[in-house]
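Results of the structural survey
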Amino acid sequence: MAQLIADIAEKNHQSLVPPAFHIMLKPRGAICNLDCKYCYFLAKEHLYPGSKFRLGESLLEEYTRQYIEAQQVPEVTFAWQGGEPTLMGLDFFKLAVKFQQKYRQPGMRIYNALQTNGTLIDDDWAQFFHENDFLIGLSLDGPRELHDAYRVDKGGRPTFDTVMRGLNYLKKHRAEFNILTTVHAANAGHPLEVYRFFRDEVGTTFIQFIPIVERDNETGYQEGHRVTDRSVTAKQYGDFLIAIFDEWVRRDVGRVYVQIFDVALGVWAGQGAGLCIFGETCGDALAMEHNGDLYACDHFVEPKYKLGNIKDVPLIELVASEKQRKFGQDKRDTLPQYCLDCEVRFICNGGCPKNRFIKAPNGEEGLNYLCQGYRAFFNHIDGPMRFMANEIKTRRAPANIMAYLANKEAEFNQRLAQTRRNDPCPCGSGRKYKQCHGRYKLPVKLAIEDAF
């Protein structure tokens, strides 16, 4: 494999082989035991008419070998998704771990991450996950009524109770898990209810928020300019993130980890995004179907983004192909001028290409549907991020921001308490105190942006 990598680099007169890349493996394809109303991936079943939708043993072994040999880093992660991957059965994953150990290179550490709806998890699954250090991503959209709005089974029945049952098995066996929450029309207006449920009732310490931008078409492909009523709006998404950030930055830094907050801090601290949607280019996060077909991205499992099949062409050649390189660079090269001139481009970089289908104010094509929300959110967190980034650079804890904000708020309330009714309000609004903060009972919260 090392010689093959060198040959590919020489053939292209430059090294197009990434030292590491990520593949979302779908051993059951689009097959799932749920029928979530916003799921775009269920329609991918039509790509493979007549298929049994099961990744076979020989292909599993071949993929494992090729994937490990192609990685030029000491840590390799196998990512399992669907559909619903646990429909493969526990013996399949026991075999997967066996193959990983068979092909693991000296000094290499192998990890597994599995995204699941959680409804099939029992004692045996949870024990296996714990014993084999699987990181489980559990799909949960909030408290019962918010989760059940769209996450239903094939009969249209709610799934909250069965997901929570699976969660309890994970906790019982001390399996590592995080929560993946889609943000949509039903839960976007309840940010603190969602966040506090995860923090205080679920007890998770890591949360991902994924915006639902569902194209209104029959194909399930990323095409067309209309979205469904289930989709979150850009403003809703921005407001959702801002509300949760303001609570998190006051009390949960260093205790609860929210992916988009961590990614942002990495960028402000000069460490890079580490997440494809905010990278300048993309193309290092691919998807493989149950039959070995490799696609440019999990969001683009569509005929025109198919790179080939690993049974016919070595995996590394597909990853390093000109087609895949162009797919990744188009993210940067097709940015509208509106994005190029934006003050938060350094963190946003236009967002995920799948959502870049609206027009910019100047009429340019290719603006991200979520632009308004991203721009509001990233501007809102600028002060706190600069503070925490400086703490990191000076080898102090970013969590120090909580004490800083508490002190600022105490000082602010002390000034309010000493202000007379007709004096200018200490907040700097230019209004009289009685017409501004004098209308509220003390103490009052200091707006995050006013603390920096």
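Predicted model, so just to flag it, every value in this text is computed and none were measured.

This part takes up the environment of Gly-254. Within the secondary structure layout, Gly-254 lies in the loop between helix H8 (234–251) and strand S7 (257–258). Here Gly-254 falls in the partly exposed class, since its relative accessible area comes to 44%. A sequence separation of 49 residues divides Gly-254 from Thr-205, and the C-alpha atoms of the two residues are 9.4 Å apart.

Further remarks concern empty space enclosed by the protein. Counted under the stated rule, the structure contains two cavities of 30 Å³ or more. The volume enclosed by the largest cavity comes to roughly 120 Å³. Lining the largest cavity are 13 residues; nearest its centre among them are Cys-339, Cys-342, Cys-348, Gly-350 and Cys-371. For the lining of the largest cavity, the elements supplying multiple residues, two or more each, are helix H12 (337–340), helix H13 (345–348), strand S12 (367–368) and helix H14 (371–380). As for the second largest cavity, its lining consists of 13 residues, of which Cys-276, Cys-282, Cys-297, Cys-352 and Pro-353 are closest to the centre. Broken down by class, the residue content of the lining of the second largest cavity amounts to ten nonpolar, two polar and one charged.

Attention now moves to the packing of aromatic side chains. Under the counting rule described, the total for this entry stands at 38 aromatic pairs. Geometrically, the ring pair formed by Tyr-38 and Tyr-150 is edge-to-face, given 6.0 Å between the ring centres and 80 degrees between the ring planes. Note that Tyr-38 is positioned in the loop between strand S1 (22–25) and helix H2 (57–70) and Tyr-150 in the loop between helix H5 (144–147) and helix H6 (160–172), a separation of 112 residues in sequence. Each of the two residues, Tyr-38 as well as Tyr-150, counts as buried. A centroid spacing of 6.5 Å and a plane angle of 90 degrees characterise the contact between Tyr-48 and Phe-53, whose relative ring orientation is edge-to-face.

We now examine the sheet that holds S7. Taken together, the ten strands give an open sheet; going across it, the order is S7-S6-S5-S4-S3-S2-S1-S8-S9-S10, and neighbouring strands pair in mixed fashion. Each edge of the open sheet carries a strand with a single partner, namely S7 and strand S10 (306–309). In this structure, strand S5 (residues 177–183) lies alongside strand S6 (residues 206–211), joined through five bridges in parallel fashion. Residue pairing in the sheet places Val-183 in a bridge with Pro-211 of S6.

Another point: helix H15 (residues 382–393). With twelve residues, H15 extends 16 Å between its outermost C-alpha atoms, agreeing within 8% with the 16 Å of an ideal straight helix rising 1.5 Å per residue. Looking at H15, one finds that the buried residues are Gly-383, Pro-384, Met-385, Phe-387, Met-388, Ala-389 and Glu-391. Contacts from the buried residues of H15 go to H8, helix H9 (259–268), H14 and helix H16 (400–417). Just beyond H15, the residue with positive phi is Arg-395, at close to 60 degrees.

Cut-off values and rules
Residues numbered from 1 in each chain as written. Predicted model: local features only at pLDDT ≥ 70, side-chain atom pairs only at ≥ 80, totals over all residues. Heavy atoms only, no water. Helix = DSSP H or I, 4+ residues; strand = E, 2+ residues; numbered from the N terminus. Buried < 20%, exposed > 50% of the residue type's maximum accessible area, 1.4 Å probe, protein only. 1 Å grid on protein atoms, 1.4 Å probe; cavity = no way out; pocket = protein on both sides within 12 Å on 5 of 7 lines; lining within 4 Å. Points joined across faces, edges and corners; volume = space filled by probe spheres on them. Nonpolar A, V, L, I, M, F, W, Y, C, P; charged D, E, K, R; others polar. Phe/Tyr/Trp six-rings, centres within 6.5 Å; stacked < 30°, edge-to-face > 60°. Pairing = 2+ DSSP bridges. Expected span 1.5 Å × (residues − 1). Contact = heavy atoms within 4.5 Å.

Just distances and angles here, no functional claims.
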